[in-house]
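# Descriptive structure summary
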Amino acid sequence: MAPSNPLANWERVGDSFYRKVAVYDAIFDEDVELENYIIAGAPYGGAIALHRDESRMQRFRDSHTTKSSIDIYSNSGKLINRINWEYGTIRGLGWSDKEELLVVTEEGTVRRYFGLHGDFTSFSLGNGAEEYGVRGCRFWTSGFVALLSNNQLVAVSKYDEPRPKLLAPCPEGEVFTWSLIPPAYTLSRSVEVLLAVDKTVYLIDPTDAEDKVLQNGPFKHASVSPTGRFVALFTGEGKIWVVSSDFQSKFSEYDPKSRTLPTTVEWCGDDAVILAWEDEIHLVGPNGVATRYFYDGRVHVIPEFDGVRLITNDACEFLHKVADVTEEIFRFGSTSPASVLLDSVDLLEKKSPKADENIQRIRSSLPEAVDTCVNAAGQEFDGYWQKRLLKAASFGKSVLELYNSDQFVEMTEKLRVLKAVRDYQIGLPISYEQYMRLTPERLIERLVNRHEYLLAIRVSEYLQIPADRIYVHWASQKVKVSTVDDEAVCKLIVQRLDGKPRISFEIIAQAAHDEGRAHLATQLLNYEPRAGKQVPLLLNMEEDEIALDKAIESGDNDLVYYVLLHLKGKLPLASFFRMINTRPMASALVETSARGEDPELLKDLFYQDDRPIDGSNVLLSEALNETEVQRKTEKLQLASRLLSDSKDATVVLHQKLLNEASQLLKVQENLDKEIADRSEFVGLSLNETVYRLIRSGYGKRAQRIQSEFKMPEKTYWWLRLRALVAKRDFGELEEIGKNKKSPIGWEPFYNEVLGAGNTKLASLFIPKCTNLPAEDRIEMWVKCGMIVKAGEEALKAKNVDALELLRTRASGPAVSDIDRMINQLRPRK
C-alpha cells in the first residue's frame, strides 16, 4: 500500500493549516440514524452516548427501537452498553473527564454512571428544579450548570460531592442561548455563565448578574474557547463574532451567508471556531478566514481541547490545527533542518551520497532537527509517517556523538500505546496531546472500564505501572457474573491472583457482599493479609476492643466507622465514650459523624471530653439554623453559658463574640420592625447589615452600628462605597469625593464607579489617586473616554511614548490636542 500524502488533508485557514484525519470508517450501522439522536462525547477520545431526540419527527420504528435508551458506543461504532431509560425526559447529557456519564432529567434528578456498564449514583438538584423543571444543561470536566424554566441557574461543581447551588438571580426574558466558563479560567474560581437574553448577554456568577450591554442580538449561539479566553457569538444578523471573554475586545467577524441557523457552534482548539449545519461545516480561523467541509449526512461535533471529533454514520474524523513541528517538516517547499533530515532517510535508503551531504549541511542544527522529528511523530495518526519520522530521528542521532535518547525512547513507547488503544476494536482515538493530559494511569482505567483487561495489563507492564487495580476489577466482575458455586469462584480468583503484588481482597469481597454472596465474601477475606480486614470476624466473636484497635491500625476509616456504629448500638453511652476517649482517631471519627447526623451526641461527647468551646460552637451552629429570633437568642445564650466558668483567654474571647452576636441579633430584630420597606436583617452578618442599611438609605443607622460594634473604619468605607454604587447614589459619592482623605484610598472609588458605568464621576477621582504612577492614571483617563485628559497627564509626566500611543487611539479634535502636546515635548528644530 502506497504511503499517504502528508499534505493531502491540509487546509490553509489564514496563517495556519488545519487537517482532518480519518480515524475510523463505516462506524455505525445504517439503522442508527444519527440525525435523530442527541450525541455527547467523553473528553480525550472517550465513549459516545446516544439518546434519541424525542423532539424530532421520526420514521416508523419497530417495538425494539421504541424503547427509550442511552446507548454507549466507542468511536469506532462498537456498542459498549445500552442503558434502558424509563426515568423521565432527559434535559442534559454529558461526561466528566473520568468518563462518567451524567444524565439530568427535567425534574432535576441527576444520575452519574461510572464504569460504562450501568452502575450509578444519583442526586437531586433541588433549588426549585422539580417545581420549575430543567430546561437545559452545560457541562465542564468536573461539574455542570442547569438552566431552569424560570431562568434560574443551578451549579454543581463536584460530581464526587455534589452540592447544587443557585447562581445569582437571572434577568427575565427569553434565553436564546447560553454557555459557561469553567472555574479554572475565571478570576473568581467559580463557574460563570453567559446568558443571551433579548439583544444582550449577561455574565452570571454566584453573586452577580452583569449586563455586557451588547446590541447585536438576539444571539443564537454562544461558545467559550477551551482556555476560557474567547467567546464565539452567533449574532442576530447571522454572523459569527469572536470576542474576549470579558467582552472588551472583538477579534474577528465571519458571515457564513446562510439563511439557516447552524445546529452547533464549537471551538476547534483555541484558535478556530466550528459552525456546523446538518451536512456542512465551516472552520473559521482568526481574522474571519474560513474553509468549508461537506458531508452526505448529519455530522455531529464533539469538542476536544486540541480539536474536534466529527462523527457521522460513515466515519469518525479528528479535525485539528497542524502543529508547528509538523508544519515545519511537511510544509511545501520547507528547507528546515528537520525537513532535510527526513529527506535524508529516503536518500539513505537509495544509498545516495547526498544523504551524508545533507547531514553535514545541517550538522549545527542536527540536535534540534532530531527533536523536531520526534515531536512530529507524536502528532501523526498514520503509522507510516510515525515510523518515517522516528527513522529520521534515529538516523540523525546516530550521527551525533552526544545525544540524550530519553525523549526518543519515551516517544516510541507512547506511540506504541496510542496505536494499541486507537485500534478499531478498542476505539479510543486519543491524540498525543490528549494522552499527555489524560495520563497513562487514567488511560488504563478507561481500558479496564471497557473490560479490555488483557490490553490494560500489557500496557501497564510495558509502562511499568502497577496492575493490581486491573486484577481486582477483573475479579470483582468475575464475582458479579459467575454462576458457579462460591468455592469454585474463590478458588479460580485466588489461583489467578496468586503472587500478584498489592491485591486488595477486601474490594473483591465487597463485590461478593454486594451481590448477596456473604459466604464467598467471608472466604475471600481469609486471603486478606492485613489485620484490619479481620475486624468483622472479631466483632462476631465479641472481641470489641481488639476489633476497634485492629480497625484503627488498618487506617481504613470506613472500617472504623463500621466498628463504632456496632459499639454505639451495643454499649451504654458512658461506656462507649470511655472506650473511644483513649483512642483519638475513633473519637475524631465519632465527632465528624455526629456533626452532620447527631448534634446531641456531639454535645455529650464535648461535655464528657471537657471541651466547652466546641460544645458552644454546636449551639452556635444550631442558632444559625433557627428561623425564629427568640430561638436563635436562646441558643446563643446557652452557648455563652457553657463558657461562663472558664477564665482561659481564648474562652473569654469566644464568649465575648457570642454576646456580640446576640446583641447584633437584637439590633437586627428592631430594624426589621422599624424599617418600612420590610428588609430582612435577621441572620445577616455585621458587614451585610451595614451594607443593606446604607443601600436602603439609612446611613445614620449604619454609622451608629459601626460605632456600637467598633467596626474598623476601612471596612465601613468599603461597605459604604459598594452600597452607594449598588444603589447608584452618585450624588453622595461625589460629596464623599470632596473629602481630602479616604481610609481606603481613592482608586477603589474610581474602579467601583467606573464599573457602574459613570465615567464622568469616575474621572473626578483620578486626580486624587496621587499614589499611582502616571502610566496608571493615563490608562484611567482612557477608560473614562477622556483622551485629552490622558494626554495632559502624559504631558505632565513628560512621557512622549504615552502621548504617541494616545495619538493612535484619539479621534476628532482630540488628535490636534495630542499633537500639540507632543510638539511641546518635541519642539521642531
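Notes on the structure in this doc start here. (Residues numbered from 1 in each chain as written. Predicted model: local features only at pLDDT ≥ 70, side-chain atom pairs only at ≥ 80, totals over all residues. Heavy atoms only, no water.)

## Points about the packing of aromatic side chains
Across all of its chains, the model carries 18 aromatic pairs by this definition. An angle of 50° between the planes, with centres 5.1 Å apart, marks the rings of Trp746 and Phe749 as tilted. Here Trp746 matches Phe749 in class, with each residue buried. Put simply, the rings of Trp717, Trp746, Phe749 and Phe765 pair up and form one aromatic cluster. One residue, Arg111, lies across the ring of Tyr87, its end atom 3.9 Å from the ring centre. Of note, Arg111 hangs over the ring of Phe120, and the distance from its end group to the ring centre comes to 3.9 Å. (Phe/Tyr/Trp six-rings, centres within 6.5 Å; stacked < 30°, edge-to-face > 60°. Buried < 20%, exposed > 50% of the residue type's maximum accessible area, 1.4 Å probe, protein only. Lys NZ or Arg CZ within 6 Å of the ring centre and 35° of its normal.)

## Some remarks on the nonpolar core
Residues Leu341, Ile493, Leu497, Ile508 and Leu524 are the most contacted members of the largest nonpolar core, which totals 72 residues. If one sorts the elements of this core by residue count, helix 6 (residues 366–379) sits on top with 7 residues. Setting aside its immediate chain neighbours within four residues, Leu341 contacts Ile359, Ile362, Leu366, Ala369, Val370, Cys373, Ala392, Phe395 and Gly396. Core analysis: the second largest hydrophobic core is formed by 52 residues, Phe709, Leu754, Ile778 and Ala794 among them. (Core = buried A, V, L, I, M, F, W, Y, C linked by side-chain atoms within 4.5 Å. Helix = DSSP H or I, 4+ residues; strand = E, 2+ residues; numbered from the N terminus. Contact = heavy atoms within 4.5 Å.)

## Considering the sheet that holds strand 19 (residues 221–224)
With antiparallel pairing, 4 strands are arranged side by side in an open sheet as 19-20-21-22. Strand pairing shows two members of the sheet lacking a second neighbour, strand 19 and strand 22 (250–254), which therefore form its edges. Along the sheet, successive strands turn relative to each other by an average axial angle of 15°, direction set aside. Relative to strand 22, strand 21 (residues 240–244) runs antiparallel, the two sharing 4 bridges. Counterpart to Trp241 in the pairing with strand 22 is Glu253. (Pairing = 2+ DSSP bridges. Axes fitted to C-alpha atoms, helices over the stretch in contact; angles between N-to-C directions.)

## Examining the side chain of Glu192
Within the secondary structure layout, Glu192 lies in strand 16 (residues 192–197). Within the buried set, Glu192 has no salt-bridge partner at all; the shortest N-O distance to an opposite charge, 7.5 Å, is to Lys212. Here the side chain of Glu192 touches Ser188 through a polar contact of 3.5 Å, side chain to side chain. (Lys, Arg positive; Asp, Glu negative; His and termini not counted. Salt bridge = Lys/Arg side-chain N within 4 Å of Asp/Glu carboxyl O. Polar contact = N/O pair within 3.5 Å; in protein donor to acceptor, adjacent residues only side chain to side chain.)

## Some remarks on the sheet that holds strand 23 (residues 264–268)
The 4 strands lie next to each other as 23-24-25-26, forming an open sheet whose pairing is antiparallel. Each edge of the sheet is formed by a strand with only one pairing partner; in this case those strands are strand 23 and strand 26 (290–294). Shown here is a sheet whose adjacent strand axes are inclined to one another by a mean of 20°, direction ignored. Pairing geometry for strand 23 and strand 24 (residues 272–276), over 5 bridges, is antiparallel. Counted as the bridge partner of Thr264 is Ala276 from strand 24.

## Some words on the packing of helix 6 against helix 7 (residues 383–399)
At a minimum axis separation of 8 Å, helix 6 and helix 7 run at an interaxial angle of 160°. Relative to helix 7, helix 6 is oriented roughly antiparallel. Judged by the twist between their axes, the crossing of helix 6 over helix 7 is left-handed. Residue-level contacts link Leu366, Val370, Cys373, Val374, Ala376 and Ala377 of helix 6 to Gln386, Leu389, Leu390, Ala392, Ala393, Gly396, Lys397 and Val399 of helix 7. Here the residues of the contact of helix 6 with helix 7 sort into 11 nonpolar, 2 polar and 1 charged. (Parallel < 35°, antiparallel > 145°, perpendicular 65-115°, else oblique. Left-handed = near helix turned anticlockwise from the far one by under 90°. Nonpolar A, V, L, I, M, F, W, Y, C, P; charged D, E, K, R; others polar.)

## Remarks on the packing of helix 27 (residues 713–726) against helix 29 (residues 747–755)
Contact geometry of helix 27 with helix 29 gives a least axis separation of 10 Å together with a crossing angle of 20°. Regarding the angle of helix 27 to helix 29, the classification is roughly parallel. The chirality of how helix 27 crosses helix 29 is right-handed. Residues Trp717, Trp718, Leu721, Arg722 and Val725 of helix 27 pack against Pro748, Phe749, Glu752 and Val753 of helix 29.

## Things to note about the pairing of strand 8 (residues 101–105)
With respect to burial, strand 8 is a largely interior element, 5 of its 5 residues being buried. Side chains of strand 8 alternate between two faces, with Leu101, Val103 and Thr105 and Leu102 and Val104 buried alike. The turn joining strand 7 (residues 90–95) and strand 8, which pair antiparallel and follow one another in sequence, is formed by 5 residues; a positive phi near 60° is taken by Glu99. What sits between strand 8 and strand 9 (residues 109–113) in their antiparallel hairpin is a turn of 3 residues, with Gly108 showing a positive phi close to 95°.

## Things to note about the pairing of strand 20 (residues 230–234)
Burial analysis of strand 20 places 5 of its 5 residues in the buried class, which makes it a mostly covered element. Pairing geometry for strand 19 and strand 20, over 4 bridges, is antiparallel. Bridging across to strand 20, Ala222 finds its partner in Leu233. Connecting the antiparallel pair strand 19 and strand 20 is a turn made up of 5 residues, with Gly228 showing a positive phi of about 75°.

## Points about unusual backbone geometry
What is expected of a backbone is that most residues other than glycine have negative phi and most peptide bonds are trans. In the Ramachandran plot, Asn151 falls in the positive-phi region, its phi being about 70° despite a non-glycine side chain. Phi is positive for His451, close to 65°, though the residue is something other than glycine. As for its position among the elements, His451 is in the loop between helix 10 (440–449) and helix 11 (453–463). Residue classification places His451 among the partly exposed residues on the basis of a relative accessible area of 29%.

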